[in-house]
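Topology and contacts: notes
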Amino acid sequence: NGQNLADASVAKDFGNGVSLTVGQFKLPFSAEYGLDAGNLQFNDYSVVNTLMCTAYAQGLMLGYSADAIRAGVAYINAIDSANATWGVPTNDWAFSLRGEYKLSGDWAQFNDGQSWKGEGFGALIGIGYAAERSDISDETPSFLTVDATVDEDPRLDEVRILVSVSDDGRGIAPEHLDDIFTDFF
């Protein structure tokens, strides 16, 4: 029918910043993908985020949030496996995690992709990591992202800045090493 389910989860807040989410949900990984698409200033996520993102999966996620620290770790069926049957694709294990440290501001100002008047200065740094182990090929692909977000009051003629560096850990295929300095390779 061409329809896909995005979020289908149940969350329980245990107090003291601890929560548990079970179902299908957006994985804790990158700052950009952590934003709801409806809160982005333009129409979609960046190309880099789309290529390097862990997306959705089914499983359970433990979250923690305090004044300056926020973290989430998810045990899942597979990375980027929205709407898949549990156990398909077949993995021995898969997980995704993200940790953030808020240098300044409050958490609410990082929930959208723009700075609002009167919001004040906010800055945070984050790191995300995801990995899975296939029981068919015994490969263990992994993904890493490190990012920083600065949110500034637009009345100060400043802009919101999100800097992100990601790596899927696979490196350059051996057959392409001789071509890395070839123009337009």
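For the structure given in this document, a descriptive report is provided here. (Residues numbered from 1 in each chain as written. Predicted model: local features only at pLDDT ≥ 70, side-chain atom pairs only at ≥ 80, totals over all residues. Heavy atoms only, no water.)

1. Notes on a nonpolar patch on the surface
There is a patch of nonpolar side chains on the surface, built from Tyr64, Ile69, Tyr101, Leu103 and Ile125 and spanning about 480 Å² of accessible area. Take Leu103: it is sitting in strand E5 (residues 91-104). Residue Leu103 is classed as exposed on the basis of its relative accessible area of 52%. (Patch = residues over 30% accessible without salt bridge, like charges linked within 9 Å, V, L, I, M, F, W, Y side chains within 5 Å. Areas by Shrake-Rupley, 256 points an atom, 1.4 Å probe, with all protein chains shown as cover. Salt bridge = Lys/Arg side-chain N within 4 Å of Asp/Glu carboxyl O. Helix = DSSP H or I, 4+ residues; strand = E, 2+ residues; numbered from the N terminus. Buried < 20%, exposed > 50% of the residue type's maximum accessible area, 1.4 Å probe, protein only.)

2. Focus on the environment of Ala74
For Ala74, the location among the structural elements is in strand E4 (residues 69-76). Ala74 sits in the buried class, given a relative accessible area of 1%. Residues Ala74 and Val22, 52 residues apart in the sequence, show an inter-C-alpha distance of 9.4 Å. In contact with Ala74, not counting residues within four places along its chain, are Phe25, Leu27, Pro28, Leu60, Met61, Ala94, Phe95 and Ser96. (Contact = heavy atoms within 4.5 Å.)

3. A short note on the nonpolar core
Phe25, Leu27, Phe29, Ala57, Met61, Ala74, Ile76, Ile79, Ala94, Ala130 and Phe143 form the largest nonpolar core, which has 11 residues in total. Listing elements by their share of this core, those giving two or more residues are strand E3 (56-65) and E4. Look past the residues within four positions of Leu27 in its chain and what remains in contact with it is Thr54, Ala55, Tyr56, Ala57, Ala74, Ile76, Ile79, Asp80 and Ser96. (Core = buried A, V, L, I, M, F, W, Y, C linked by side-chain atoms within 4.5 Å.)

4. Notes on the pattern of salt bridges
Counted according to the given criterion, the structure contains 4 salt bridges. Between Glu100 and Arg70 there is a salt bridge; the shortest N-O distance is 2.8 Å. Taken together, the positions of Glu100 in strand E5 and Arg70 in strand E4 put the pair 30 residues apart, joining distant regions of the chain. In this structure Arg70 comes out as partly exposed when scored by relative accessible area, which is 23%. In this structure, Glu100 engages Arg98 in a salt bridge whose closest nitrogen and oxygen atoms are separated by 2.9 Å. A relative accessible area of 12% places Glu100 in the buried class. Overall, the relative accessible area of 8% leaves Arg98 in the buried class. The network of salt bridges with shared partners includes Arg70, Arg98, Glu100 and Asp147.

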